[in-house]
Amino acid sequence: MQVNRIVISALLILFVSALGIMSCKRSSSGDNNLTDVITANDFGKGAYKDFVEGEFPFITTVLDARKLGNGFSDFNVVARGLAIQLGNDSYSCFDMDLLRWSVAWSGEFMSMVLPAQVSYKDYFKRNSNELPIILGDPKIANGMYAGWSVENPNFMEVRPETQQVEGMYWGPVPEELGRWSGTYIYGNSVILSYSINGSQILELPGSKIINDQLVFNRTFKVGRTSKNLILNVAEVLQAVGGTVDQYSGYLIHPNRDSITAVVLNGKEGQVKIVDNRYLTVEIEPSNKEREFTVSIWTGKASELEKVTGQARSIVIKIPDINRPPSNWEEKILTKGRMSPDTAAFVTDMLTLPVPNPWGRNVRVADVSFFSNSKAAVSTYEGDIWLVEGINKELECMTWKRYASGLYEPMSIEIHNDQLYAFGREGVVRFHDVNDDDEADFYENFCNKMQQSTGTREWASDMVFDHKGNIYIAKGGHVTNYSGVLPLLSNVEDGTKWRASTNQSGSVLKIDPTGRELKVIATGLRMPYLGINKETGEVSASDQEGNYVPSSPVYLVEEGDYFGVPLTKHRNDNPEIKKAHTWIPHGVDRSSSGQAWINSNEMGPLNNQMVHFSFGRPGIFKVLFDTVQNKTNGGAVLLDANYPAPVLKGEVNPTDGLLYFTGFNNYASNSNGISALMRLRYTGNPSYTVKNFHADSKGLLISFDEPVLVKDGASNFTVRAWNYKRTEKYGSGYYKSDGSAGHEELHVAKVYQPSHRGSVFLYIPEMMEADQIEVNYQVGTIEGEVIQGSLWLTVHELKELDLAELGYSNIDFNKAYAEKQEPRNESNSLISVEKGKQLFNSAGCFGCHAVRGVGEGMYGPSFEGVFGAKRKLVDGGEIVVNEDYLRESILDPGAKVAVGNNPEMPSFEGILTEEDMASLILYLKTL
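Since the model is a prediction, treat every value here as computed from it, not as a measurement. (Residues numbered from 1 in each chain as written. Predicted model: local features only at pLDDT ≥ 70, side-chain atom pairs only at ≥ 80, totals over all residues. Heavy atoms only, no water.)

(A) Highlighting the packing of aromatic side chains. Tallying each qualifying case throughout the model produces 42 aromatic pairs. Centre to centre, the rings of Phe-43 and Tyr-123 are 6.4 Å apart; their planes meet at 90°, and the pair counts as edge-to-face. With Phe-43 in the loop between strand E1 (34-38) and strand E2 (58-64) and Tyr-123 in the loop between helix H2 (115-118) and strand E6 (137-141), this pair connects stretches of sequence that are 80 residues apart. The interplanar angle of 55° and the centroid separation of 5.6 Å between the aromatic rings of Trp-582 and Tyr-723 together place this pair among those described as tilted. Here Trp-582 is found in strand E39 (residues 581-583), whereas its partner Tyr-723 is found in the loop between strand E49 (716-721) and strand E50 (743-745), with 141 residues between them in sequence. (Phe/Tyr/Trp six-rings, centres within 6.5 Å; stacked < 30°, edge-to-face > 60°. Helix = DSSP H or I, 4+ residues; strand = E, 2+ residues; numbered from the N terminus.)

Structure representation (structure tokens):
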């Protein structure tokens, strides 16, 4: 009977799986809104349309509008802008911080130079801190002041001094003046929602052609008002005159041939000219809701009459925001790929919706789950997709476009079944008002965090705790590239760095209402976050670079400072918070987020913390020395397949498995473009390191499964080094006396208890160090050989009660007397092959192109590098020879070539003289 039940169960599973596949195929042929099933993605053959879609009304962007020409302000930048397609080859940029039209123009749209834009079709192309500009003909603009005033016109900065850095103000206007509420999507139109002095306003931007003239329209629905509201419509510098009546007015441009005119449709409001420079519309108090249109036109003075007359009769109504049409009715079907159960942890692939009817690239940045297992996925392109049908076999998943137009939404979270995204516009909460699985209202949940135009002040990460508090991390924009941002004037070491905001490189906390924001920790470069949703414990990584010597994992507490002086944002001299653990450059040179596996389905990873690596790529289990009260930490790589860089991850509450995302752009060892993946525990034995304890006499290392150590100390090599935190990019390796290099910690004897679940390494010279690397080879009970490594950070050494931990009757004096001297295994071989191996193991190939592979990577190409001439940023010129290459390996910032970024770490103390000779020998062959 038992055998029969097993057979019947197996047949049922096969039948259900086959039925799912058949159903997926049958639906695709019977529903016009479903595509054929996609079984694999080929990003190399993606027939992508333009980044900007003509059918969707806007993109979120920054804008450099400082050089619009005569008659316009030369100080006009937008950190949070909606670049809106108005039809008739016309556009406007609405500033969500200042609630103003920054500029409106005609002709071509904008330069697509932001990171997600330049890499949209050319995946490895990078942004060089260039900001978008308008490519067309500017018609109207306003300077850097609020788009509305109350009672009296005001064209001065209204934001408080706390939002000012080096003469630049960042962040939204004070709430007593106005607040950005969000955007309604209605087909190919967008309706802006905000409040001014408590009065609710809807605005429909658009344009019309009147007698061959382009007219911009702003149609308003204004709620009850208790005070005069003044709309700042347009600014004309050095105007030579103007005329105004109640419902229209114009200013004459300095050339006396052109004018900018404003016309009101209806009897609401009054046009006024202020200081012979500003065109405004004043709206009187009222207890009633009012709807009217403001038309703005720039052109020849001789054309004025035939435009203004018809503009007065324009009738535009704001559509019903509660009954929007659908934008993306099609659904994409994909079938995932299950990995065979060949290891304890395997990676399943959730096939992405590429290709799709909109010719849209899909590079996934983050994933989150609703309570019913439906997922939401955000993309680097600014889209959000909903995914249904995620089950054990992944045989039929349905993808539906849900939102678009966002600015690099690197983080999404679902809290209480509501979807939130964090991008440079702030934290957005989405609403589907007509239940068609499309977001119709993009609500501004919180935009109180400051945001500059700096391309590297990423909105990098967002996590929720169990109480509904939100923690966000912002990039530090630690760069000296050119750009809008001024150079900092208060850098203590005399180096030159660009300013950003008072909250760059920080971790901030938003309360559950979205109205209160608090800085928790500062001094980070490019942080990503993790959170234990059961305890509320927050973690962070940082990106190796200037002032960050390697890849750290931090445990974050309020008041922490993490060591980057450019983002300290404090007047005191705080102590630098120690890293929970460091991970070496050659292991993980580009860190990303973390996740807690609050699950019962992940075997040895249940209730463990994992850390994601973009650069390697991979997933690390984070280790805690619980005997030392978490003072010491470590990391060990989970052996699995990682077909793309890894950025973010989350446990699916339905199946308890870890799903993770990633895409390529900046330097990664992976050539994969993007993937949505699932880490699945198969039940097979795992021989990963479980935990460790640091003792004054050595290390106790535990494994998930029993292991055997046959050859004793020869199975283990241990070495230690420290890092130096300087303004230079990364750090070399340094001994305890400060000299370059690392120290070998000789394992004198290995002890193992009868349960064989752990080993104790007796290390007479055991020391505290920033980094301790342990390489090991152990055996399984079945005779399999297991090789691995773990990386530890030991801040404190105490004597363990080894007897209590299963190690009794250890005679360290005898072991010390019997210890053998370590073998000298230095390899003095110098060869091209060794140089190639070092090029790969050190991660050089993740940044530099060689032999036609990796063109467009982050660092300069090494094709034909030896003997070539290089112009330097200091104006000099050099021929690339062995001395130059050696200097560049040890001190990459000493001589920087034009067009290159000083963003390579030093390999001082990491590579031996023989290593460098081999590496240079290999570079000479390219």
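(B) Main features of the nonpolar core. In terms of nonpolar packing, the biggest core is built from 142 residues, with Phe-430 and Tyr-442 touching the most fellow members. Among the elements that take part in this core, strand E3 (residues 77-87) stands out by supplying 7 residues, more than any other. Ranked by size, the runner-up nonpolar core spans 31 residues in total, among them Val-689, Phe-692, Leu-745 and Ile-763. (Core = buried A, V, L, I, M, F, W, Y, C linked by side-chain atoms within 4.5 Å. Buried < 20%, exposed > 50% of the residue type's maximum accessible area, 1.4 Å probe, protein only.)

(C) Geometry of the side chain of Thr-183. Tracing the sequence through the fold places Thr-183 in strand E10 (residues 178-186). Under the relative-accessibility criterion, Thr-183 is labelled buried at 4%. The contacts of Thr-183, once residues within four sequence positions are left out, are Phe-58, Leu-82, Val-190, Ile-191, Leu-192, Asp-440, Phe-441 and Tyr-442. (Contact = heavy atoms within 4.5 Å.)

(D) Focus on the pattern of salt bridges. Counted by the stated rule, this structure contains 37 salt bridges. Two residues, Glu-381 and Arg-363, come together in a salt bridge whose shortest N-O distance is 2.4 Å. Taken together, the positions of Glu-381 in the loop between strand E24 (375-379) and strand E25 (384-388) and Arg-363 in the loop between strand E22 (345-350) and strand E23 (364-369) put the pair 18 residues apart, joining distant regions of the chain. Looking at Glu-381, the relative accessible area reads 2%, which means it is buried. When the shortest N-O distance is used, the salt bridge between Glu-457 and Lys-474 registers 2.4 Å. Of the two residues, Glu-457 sits in the loop between strand E30 (441-446) and strand E31 (459-464) while Lys-474 sits in strand E32 (residues 470-474), which places them 17 residues apart along the sequence. Accessibility assignment for this pair places Glu-457 and Lys-474 in one class, buried. (Salt bridge = Lys/Arg side-chain N within 4 Å of Asp/Glu carboxyl O.)

Structural measurements only, silent on function.
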